[in-house]
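Fold and contact review
For reference, the chains in residue letters:
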Amino acid sequence: MDIIFYHPSFNSDYWINALRKAMPQVHVRAWTAGDNAPADYALVWHPPVEMLKGRKLKGVFALGAGVDAILGQLSTNPGMLADDIPLFRLEDTGMGSQMQEYAVSQVLHWFRRFDDYQALKLQSRWQQLEEYEHTDFTVGILGAGVLGSKVAESLLPWGFPVRCWSRSRKSLPGIQSFAGPEELGDFLQGTRVLINLLPNTPETVGLINQSLLNQLAEHSYVMNLARGVHVVEADLLAALESGKVKGAMLDVFSHEPLPADNPLWAHPRVAMTPHIAAFTRPTEAIEFISHTISKLERGETVSGRVDRVRGY
Ligand SMILES: NC(=O)C1=CN([C@@H]2O[C@H](COP(=O)(O)OP(=O)(O)OC[C@H]3O[C@@H](n4cnc5c(N)ncnc54)[C@H](OP(=O)(O)O)[C@@H]3O)[C@@H](O)[C@H]2O)C=CC1
Ligand SMILES: O=C(O)C(=O)CO
C-alpha cells in the first residue's frame, strides 16, 4: 500500500517517519510536484490540485478538523477528487482538550471580571467590582459536534448553565440542546457567552451578524474558535460599540494573518490569538488515520467521513 503526504507547513520528514513507524507495512512518501506514481491514500492540507487530480485513491484524509478549504478547492476544481473517493477529517485527535483549555480559561477570565480589572489596572485604580452570578452566565455553544460537545462538557463542572445549538438534537447530560434554525432564537435568548464551533458551510457563513448578536443577553461575550467567515466583523464592532457585546475573544479571521489596518487589533475589548485554539497533534492524528485505514482495508465501518454535500 502507498500513501502520499502533503502539508504546506508541517515538518514532512517528522510526519513521514512517524507514519512509517505506525504502519510499517505501508510505503509512505512526501508528495512533490511531478509525482504521478500511484498511491492508495493521500494525507493532505491545502493540497495543490495536481496532487489529487485524476488519481484513483481509496481515500483522502484532511490533516485537520475543518474541511472548508479542501471543499472550496473542489468546488472550483471539480476534477480534483472524484465523487466516489471518500474524504475523511480528523475527529478530535487531541484538539478537543485544547479547545476545552481555551474555552474554560476565557470564560473564567470574563466571569471573574479580569477584563474589567485589567482596564482598572491600566488606570492605576484599586476598585473591587460586584461579582457575577453563575446563573447569569449561560454559555451557549454554536455547534455540538466533536469539539463543541467536548467544550460544553468541560464548562459544566464550573457551575455555568450550558446549552448548545446544532442541526440535529443532542442528548448530552446536563446540557440543554437546541436544534435547527427554528430554535436558534430560543438558544440565543439568555445566552451570555457565545462560543462558536460550527463548520464553515454555506448555511453558517455570516451567521454571527447584527441580528444574531442583538438576540444575546445584555453585556454578552463572543468567542470565535471556528472560522473567521462566521462573524460579520463590522456587526461585531458595532455591537461592541453599543455595549451589547462586552468583549470578544477571536482565534480566527476572514483574512489570516489579520491585516495590520484591521480595527480589531486596536479594540480594547477584543482579545485575539493567531489561529492556535487547537493544533493537529501528530501522534493522535496518525493513530486515528492508521486505525481508520486498517478498518477501511478490512471493509469495516469508520467514522470521520465528510459529507461533501452537507459541507462538513
Ligand atoms: N481554531 C482552530 O484552531 C480550529 C478550528 N476548528 C473548527 O472547528 C469546527 C468544528 O469542528 P468539529 O467539532 O470537529 O466539527 P463537527 O462536524 O464534529 O461538528 C459540527 C457541529 O456543527 C453543527 N452544524 C453544522 N451545520 C449546522 C447548521 N447549519 N446549523 C446548526 N448546526 C450546524 C453540527 O450539527 P449536527 O451535529 O447536527 O451535524 C455539529 O454539531 C471545524 O469545522 C473547524 O472549522 C477545528 C480545529 C481547530
Ligand atoms: O483543524 C482545523 O480545522 C484547524 O483549523 C487547525 O488549525
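Above this note sits the structure.
As the structure is a computational prediction, the values presented were derived from the model and not from experiment.

The next point concerns the overall build of the chain. Scanning the chain from terminus to terminus reveals ten helices and twelve strands. Since a compact globule built from 312 residues should have a radius of gyration of about 20 Å, the 21 Å found for the chain is in line with a globular shape. Summarising its shape, the C-alpha atoms of the chain cover approximately 65 × 40 × 35 Å along the three principal directions. Here the chain, with 312 residues, has 49% of them falling under the buried criterion.

What follows covers the sheet that holds strand β7 (residues 162-166). Here we have seven strands laid out as an open sheet, ordered β8-β7-β6-β9-β10-β11-β12, and parallel in their pairing. At either end of the open sheet lies a strand with only one pairing partner, and these are β8 (175-179) and β12 (270-272). Taken pair by pair, the neighbouring strands of this sheet meet at an average axis angle of 15°, ignoring direction. As judged from the five bridges shared by strand β10 (residues 220-224) and strand β11 (residues 245-250), these two strands associate in the parallel manner.

Let us look at the site of ligand 1. The immediate surroundings of ligand 1 are formed by 31 residues, with L147, S168, K170, L225 and Y312 found nearest. Note that an oxygen atom of ligand 1 is positioned 2.8 Å from one of the backbone N or O atoms of L147. A total of 940 Å² of accessible area belongs to ligand 1 in isolation, and the protein chains cover 93% of it. Elements with a minimum of two residues in the shell around ligand 1: α4 (95-111), α6 (146-155) and β7. Partitioned by chemical class, the residues of the shell around ligand 1 number 16 nonpolar, eight polar and seven charged.

For the rest of this paragraph, the subject is the pairing of β8. Across the five residues of β8, four count as buried, placing the element largely inside the fold. The pairing of β7 with β8 spans five bridges and is classified as parallel. Its bridge partner lying in β8, W165 is registered against F178.

Contact pair helix α1 (residues 12-22) / helix α10 (residues 282-297): the axes reach a minimum separation of 10 Å and the direction vectors enclose 45°. On the basis of their axis angle, the class for α1 and α10 is oblique. Remark: the crossing between α1 and α10 carries right-handed chirality. Counting all contacts with α1, which are made through Y14, W15, A18, L19 and A22, the residues of α10 involved are P282, A285 and I286. Of the residues contributing to the contact of α1 with α10, the split by class is eight nonpolar, no polar and no charged.

Criteria and cut-off values
Residues numbered from 1 in each chain as written. Chains lettered and ligands numbered in written order. Predicted model: local features only at pLDDT ≥ 70, side-chain atom pairs only at ≥ 80, totals over all residues. Heavy atoms only, no water. Helix = DSSP H or I, 4+ residues; strand = E, 2+ residues; numbered from the N terminus. Rg over C-alpha atoms; globule rule 2.2 N^0.38 Å. Buried < 20%, exposed > 50% of the residue type's maximum accessible area, 1.4 Å probe, protein only. Pairing = 2+ DSSP bridges. Axes fitted to C-alpha atoms, helices over the stretch in contact; angles between N-to-C directions. Near = heavy atom within 4 Å. Polar contact = N/O pair within 3.5 Å; in protein donor to acceptor, adjacent residues only side chain to side chain. Areas by Shrake-Rupley, 256 points an atom, 1.4 Å probe, with all protein chains shown as cover. Nonpolar A, V, L, I, M, F, W, Y, C, P; charged D, E, K, R; others polar. Parallel < 35°, antiparallel > 145°, perpendicular 65-115°, else oblique. Left-handed = near helix turned anticlockwise from the far one by under 90°. Contact = heavy atoms within 4.5 Å.

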